[in-house]
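# Residue-level structural notes
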Amino acid sequence: QMGLEDIAGMRSLPNMVVVQPADAIEAERATEFLADYIGPSYLRLTRQGLADINEASYQFEFGEGVVLRRGSDITLIATGAVVAHALEAAESMGKQGLDVGVINIHTIKPIDERLLVETAEKTARIMTVEDHGVVGGLGDAVLDALSEVTGTPVRKHGVHGYGESGTGADLYRKHKLDAAGIEEVAREFTAGTVAPRAATA
């Protein structure tokens, strides 16, 4: 099964905090933070195990995105399980001459507007990556933050349509949310062959 509307619903609730860790280390640190947080919060976790992208010494900074790679051609802004896939895609594209950045947005609400604006000023394109519907999730949160301050093209990459049953690997592959799929969509976007923004789910 795929839960694809939960971030959208939680983001719409007043005062609700939305956090989605990218690996087990970040999940542990985020849980520790939220245990002491005063106010409503939503911690989004996956059902499958994830590869570690953080060191054991990692410190969770609420509301602050994590720059994993800097890039001037395109920056992949990802959250949750697909952060590792975005990193793999960026590394592959880098070997082909593209300068690709990756940012881990573990706190979707409140989102790190300062970092997003700074990134938009230094990269030619931005592509958000999430295992969620393209409406109401990370992509819309990023667009909301950038709507009045930059003209940088943004593409939302996520799931179009309803959820399905299947293994995590199969579903990521089908919806181009594995490393190869993210790379394919990002390459098309940098080449100008994909519309900058997905308008419908």
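Anything mentioned here points back to the structure above.
To start, this report covers the structure provided alongside it.

The rules we used
- Residues numbered from 1 in each chain as written.
- Predicted model: local features only at pLDDT ≥ 70, side-chain atom pairs only at ≥ 80, totals over all residues.
- Heavy atoms only, no water.
- Helix = DSSP H or I, 4+ residues; strand = E, 2+ residues; numbered from the N terminus.
- Rg over C-alpha atoms; globule rule 2.2 N^0.38 Å.
- Buried < 20%, exposed > 50% of the residue type's maximum accessible area, 1.4 Å probe, protein only.
- Areas by Shrake-Rupley, 256 points an atom, 1.4 Å probe, with all protein chains shown as cover.
- Lys, Arg positive; Asp, Glu negative; His and termini not counted.
- Charge placed at Lys NZ, Arg CZ, Asp CG, Glu CD.
- Pairing = 2+ DSSP bridges.
- Axes fitted to C-alpha atoms, helices over the stretch in contact; angles between N-to-C directions.
- Contact = heavy atoms within 4.5 Å.
- Core = buried A, V, L, I, M, F, W, Y, C linked by side-chain atoms within 4.5 Å.
- Parallel < 35°, antiparallel > 145°, perpendicular 65-115°, else oblique.
- Left-handed = near helix turned anticlockwise from the far one by under 90°.

What follows is about the overall build of the chain. Helices and strands together make up the secondary structure of the chain, namely 7 helices and 8 strands. Taken against the 2.2 N^0.38 rule, which gives 17 Å for 201 residues, the C-alpha radius of gyration of the chain at 16 Å falls within 12% of a compact globule. The buried share of the chain, taken over its 201 residues, is 50%. Approximately 9,200 Å² of the chain is accessible, and the part contributed by carbon and sulfur atoms is 50%. Here the chain holds 18 positive side-chain charges and 30 negative ones, and the gap between their average locations is 5 Å.

We now examine the sheet that holds strand 2 (residues 41-43). Pairing in this open sheet of 3 strands is mixed, and the strands run 2-1-6 from one edge to the other. Each having just a single partner strand, strand 2 and strand 6 (107-109) make up the two edges of the open sheet. Each neighbouring strand pair of the sheet contributes to a mean axis angle of 20 degrees, computed without reference to strand direction. Bridge analysis of strand 1 (residues 17-19) against strand 6 gives 2 bridges, and the strand direction is antiparallel. Residue valine 19 lies in a different strand from strand 6, and its bridge partner there is threonine 107. Against the sheet, helix 2 (residues 24-36) touches strand 1 and strand 2, its axis set at about 160 degrees to strand 2.

Moving on, we get to the nonpolar core. With 24 residues, the main nonpolar core has Ile74, Leu76, Met127 and Val129 as its most contacted residues. Going through the elements one at a time, strand 4 (74-78), helix 3 (82-95), strand 5 (100-104), strand 7 (126-133) and helix 7 (179-190) are the ones with two or more residues in this core. The element best represented in this core is helix 3, accounting for 7 residues. If we skip the residues at most four places from it in the chain, valine 129 touches Ile77, Ala78, Thr79, Val82, Leu138, His157, Leu177 and Ile182. Judged by nonpolar contacts, the second largest core, of 20 residues, contains Met16, Leu115, Leu138 and Leu143.

The next subject is the side chain of aspartate 140. Mapped onto the secondary structure, aspartate 140 falls in helix 5 (residues 138-146). Residues within four places of aspartate 140 in sequence aside, it is in contact with Arg11, Val134, Val135 and Lys156.

Below, the discussion takes up the environment of glycine 133. Within the fold, glycine 133 resides in strand 7. When the C-alpha positions of glycine 133 and histidine 157 are compared, they lie 8.8 Å apart, and in sequence the two are 24 residues distant. Excluding residues within four positions of it along the chain, glycine 133 makes contact with Leu4 and Val159.

The relative placement of two packed helices is expressed as an angle between their axes plus a distance between the axes. Contact pair helix 3 / helix 7: the axes reach a minimum separation of 8 Å and the direction vectors enclose 60 degrees. Classified by the angle their axes make, helix 3 and helix 7 are oblique. The handedness of the crossing between helix 3 and helix 7 comes out as right-handed. In this structure, helix 3 uses Val82, His85, Ala86, Glu88, Ala89, Ser92 and Met93 to contact helix 7, whose residues at the interface are Ala179, Ile182, Glu183, Ala186 and Arg187.

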